[in-house]
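# Fold and geometry: a report
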Amino acid sequence: MHAYRRAIAAAVAIGIAAATLTPASAYPMRAFGRRPQSVSGPVVATPHVIGVRDLGRRNPAALTRVSLLLNYRHQRELDMLVQNQGNRRSPLFHHFLTRRQFDNFFAPTMAQEMQVIRALRNSGFRITHLFPNRTIVDAIAPTRAVENFFGTEIHSVVQFRRGRSLGVHYTNVRPVTVPAGIARFVKTVSVNDLIVAHTPHLLSHYRVPMHVALNARGRRHVARHIRVPHRRFVRHAIHRMTANVITNPGFETGRINDGWFQCGNVNAFVVTTHPHSGKYDNLDGKQTSGEPYGDSGVCQLVTIPTNGLLSAWLYQTSNEVNTDYAWQEADLLDQYGNVVSNLYTTVNNVNGWVQGTWDLSAYAGGQYYLYFGVHGDGYGALTTRQYVDDVSLASAGSPTPTPAPTATPTVAPTATPTAKPTATPTAKPTATPTAKPTATPTAKPTATPTVAPTATPTAAPGGCNNAAADNGPLSGSNGWLATGVAKAFDFPVQHGCNGAGVTVGVIIDSPVQQSDINAYLSAAGVTETGTITNVAVDGGGTYSSSQSSDSVEASLDVETIVGLAPGVNVRVYNFPSLSDQDIEDAYNQAVSDGVAATNSSFGGCETSDTPFDTATNSIAEQAASEGTTFNASSGDSGSNECGTGSAAVSAPASDTYFVGVGSVNFTDTSTGALASITAGTDSGNGFASGGGVSVEFPLPSYQSGVAGVITSGRNSPDVALPGVGVVVYNSGALEVDGTSWSCPQFTALIAEASELHGTKFGYVLPQIYSIFGGNYTNYTDVTSGSNGAYSAKAGYDQVTGIGAPKGWAWAQAI
């Protein structure tokens, strides 16, 4: 089996998986996907459902954002792979891809992405956001150009929900048609800024998405595309060394091999142009005129010796005036390609060999990738290159003092090589940080020369860490607290698993304030040991102290997760509004960062924006292949999510690759044990656990044959957890209801199960239904209550799904 798994991994990595992946028919799982839909279909098929008043044709000069989701390559193989990864009987069970493997075999190629980009630029669009996985292209153009390019008509509208105005937005009122030249590369297109989702029973104000303006020169900032080989890092003992630890230091093999790797998305070269010594040297950048589109560079895995001194001979040429769009650089990278220390970032135009030296003694004993490269935006009128030769990394015998600034760039590490704890959840750079411009070739020392938390978190080694159980008050004057849920539903934190070493992502249109989290944890009697980080996407959201704002939802999500899993690390991916483009960009960022699970405590009418359904499900499938589990609230309007009186479900919870989480109400005993459980409803504010049957997605294989499932489509929810009467702190305490409380509970449960088993879960839905199997060893059945069209009953139902997971038993069985 292990040989087979290695063969599959190698096949995917080199791009021949199509010939070797086990067909889905080899295992008892049925292929599924979204119902067929043409890319030229309507972007907003039924705008009346979400409530809009048409104001007429949009100003042709007004800027309009568009987002294009590109097709994956080898879609059939990807479908089969994900099914195998979720099937316990498959040799590929939990054999997740690295980001590099996915990008190399399944992601659109750079040529395909560039063809889409050129078509947009040639028609007057500016590119505003690209991703390392080449999955989404965000662009902006005057409305007239958008209408002409996509053959559509765009109107301004006033959007409403529950009788309240959400402000003026825009949407296409005729179907979008993708130009024939790029149609084969495009899966779906979004041409609106409508609010496609809402935070259940916390709906308040929304902000118009930010428009990203470009430089007057028409150039754009390109994300870094540095990729390091996927290797296990091993911590070595520190040895005193005097010999050069660099393999092939002068590139005299004539190729990038024997220790060196291509580590950019654009090829670097070994050339004979003007070596410093010997016959060869390394060229980063283009051999012809112009700059690379992305990164061109080489890297080598090294173990830093005691008193390590790095030196390299550099020949740098550039006619850039600053490092806004292109630069030469050298870095120490961690195993995921994140910058641990930037040795220099510059646009030198020396036209001669200069030796650079860097004192790396603070990193002694650590394993890092040493990277030399050039970054560019593809601009053809300017050229930036870097030649590298005679690289040396050896022990200096004693710590080397930092020389004074000269033509040779140097960098001195700080005296404290340990990372400082984050005091507040302030935003950190994205997974692939962009180097900062420097005024001189001398790079600024980094503040923390040890490895920062990686952008691709992995689960801790299997087994619990004997963490303290939640043992605070069960509830407060404003509702339930963490211990009330942890005890009644026997969460793994009560058995020593608190999510330590696992990172999850919260997707929401607001950052959080650490002071709110601290107030909640103090009331709950819980000590947080993980970290909380705000990550701004598309400009980021805005925190509000208003108790009717979406900041309440953000606080509720994080407080719930860290209350039930105090050791987990949380990344809050926040953005301007709950529009489809912002949500999709946040999902794509979370996938790039490799979190164990994402939490989406929002949703909207499934049929209101079908491209949103397609896009989110597609991104979730990629996430599943790399080990990330997507979770979403099933809605708070019962069976009437679209507000028409007819049964309808909430997206993205109804997506095939999302776990849909519904709600229950419960009571407990004086010791905190579960006493009673019913479907989650609150007649006082109209809340009812969302659920029903999708009209967008067919019945998935994991629900096939399950008693109580309606076979016409994907049924929602899958599971349910408490959703009535929780206290949340957001500049004060208040009580709220909603599946927006249920979903982060499940996200915490996944994190604790990941710690227990030492693995991420990815496509966990087949396992959720497999460990059910019609019996309630691992779940508590919910048999009373209704959400309108559906009633809770014995077995699966469209109100509470299978039922409520029995935390510890469920985590052990999954």
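Here we take up the packing of helix α8 (residues 514-524) against helix α9 (residues 550-564). Between α8 and α9, the least distance of the axes is 10 Å, while the angle of their chain directions is 45°. Taken together, the axes of α8 and α9 lie oblique to each other. Between α8 and α9 the crossing geometry is right-handed. Residue-level contacts link D516, I517, Y520 and L521 of α8 to S555, V558, E559, V562 and G563 of α9.

Glancing now at the state of the cysteines. Such a bond, covalent and formed between the sulfur atoms of two cysteines, is termed a disulfide. In total, this model carries three disulfides according to the counting rule given. Residue pairing for C263: its cysteine sulfur links by disulfide to C299, the two sulfurs lying 1.7 Å apart. Of the two residues, C263 is situated in the loop between β8 (261-262) and β9 (269-271) and C299 in strand β11 (residues 293-303); the sequence distance between them amounts to 36 residues. The disulfide partner of C464 is C497, and the S-S distance across this bridge is 1.8 Å. Here C464 and C497 share a disulfide; its torsion about the S-S bond, -90°, makes the bridge left-handed. Here the residue C464 occupies a position in the loop between β17 (384-395) and β18 (475-476), and C497 occupies one in the loop between α7 (482-488) and β20 (503-508), the gap between them amounting to 33 residues.

Turning to the confidence of the model for the protein chain, a few remarks are in order. Mean pLDDT over the protein chain works out to 82, with 79% of the residues at or above the 70 mark. Confidence drops under pLDDT 50 across residues 10-50; counting only partners more than four residues distant or on other chains, this segment forms 113 contacts. Contacts of residues 398-461 to residues separated by more than four positions or lying in other chains number 140 contacts, the stretch itself having pLDDT below 50.

Attention now goes to the pattern of salt bridges. With the rule as written, the count across this model stands at seven salt bridges. Between D538 and R65 there is a salt bridge, with its nearest N and O atoms 3.7 Å apart. With D538 in the loop between β21 (532-536) and α9 and R65 in strand β2 (residues 63-70), this residue pair connects regions lying 473 residues apart in the sequence. Side by side, D538 and R65 carry an identical accessibility label, which is buried.

Taken across its eleven residues, helix α3 (residues 75-85) has nine buried, putting it largely inside the fold. Turning to α3, its buried residues number three or more, namely E77, L78, D79, M80, L81, V82, Q83, N84 and Q85. On its buried face, α3 is in contact with α4 (99-105) and α11 (610-625).

Next up on the list: the nonpolar core. Within the largest apolar cluster, 123 residues are counted, with the highest numbers of intra-cluster contacts made by F489, V558, V568, V570, F746, I768 and W810. With nine residues, the top contributor of residues to this core is helix α12 (residues 739-757). Contacts of F489, omitting those with residues within four sequence positions, involve V664, F666, L674, I677, L721, P722, A804, P805, K806 and G807. L70, I154, V178 and I182 belong to the second-largest nonpolar core, a separate cluster that totals 28 residues.

For the rest of this paragraph, the subject is unusual backbone geometry. The residue after A651, namely P652, is reached through a cis peptide bond having omega 15°. Looking at the element boundaries, P652 is found in the loop between β26 (650-651) and β27 (658-668). Here S716 and P717 are connected by a cis peptide whose omega angle stands at 5°. Within the fold, P717 resides in the loop between β32 (715-716) and β33 (719-722).

Next up on the list: the packing of helix α10 (residues 580-593) against α11. The interhelical angle for the contact between α10 and α11, taken along N-to-C directions, is 5°, at an axis separation of 10 Å. With respect to α11, the element α10 is oriented roughly parallel. Judged by residue contacts, D580, I583, E584, Y587, N588 and V591 of α10 engage F612, A615, T616, I619, Q622 and A623 from α11. Taken together, the residues of the contact of α10 with α11 sort by class into seven nonpolar, three polar and two charged.

What follows deals with the side chain of E621. Residue position: E621 is located in helix α11. Buried charge without a salt bridge: E621, with K187 as the nearest opposite-charge side chain at an N-O distance of 6.5 Å. Side-chain polar atoms of E621 contact the side chain of Q75, separated by 3.0 Å. Once you skip the residues sitting within four places of it in the chain, E621 turns out to touch Q75, L78, D79, V82 and Y657.

So, how was this worked out
- Residues numbered from 1 in each chain as written.
- Predicted model: local features only at pLDDT ≥ 70, side-chain atom pairs only at ≥ 80, totals over all residues.
- Heavy atoms only, no water.
- Axes fitted to C-alpha atoms, helices over the stretch in contact; angles between N-to-C directions.
- Helix = DSSP H or I, 4+ residues; strand = E, 2+ residues; numbered from the N terminus.
- Parallel < 35°, antiparallel > 145°, perpendicular 65-115°, else oblique.
- Left-handed = near helix turned anticlockwise from the far one by under 90°.
- Contact = heavy atoms within 4.5 Å.
- Disulfide = S-S within 2.5 Å.
- pLDDT = per-residue confidence, 0-100.
- Salt bridge = Lys/Arg side-chain N within 4 Å of Asp/Glu carboxyl O.
- Buried < 20%, exposed > 50% of the residue type's maximum accessible area, 1.4 Å probe, protein only.
- Core = buried A, V, L, I, M, F, W, Y, C linked by side-chain atoms within 4.5 Å.
- Nonpolar A, V, L, I, M, F, W, Y, C, P; charged D, E, K, R; others polar.
- Lys, Arg positive; Asp, Glu negative; His and termini not counted.
- Polar contact = N/O pair within 3.5 Å; in protein donor to acceptor, adjacent residues only side chain to side chain.

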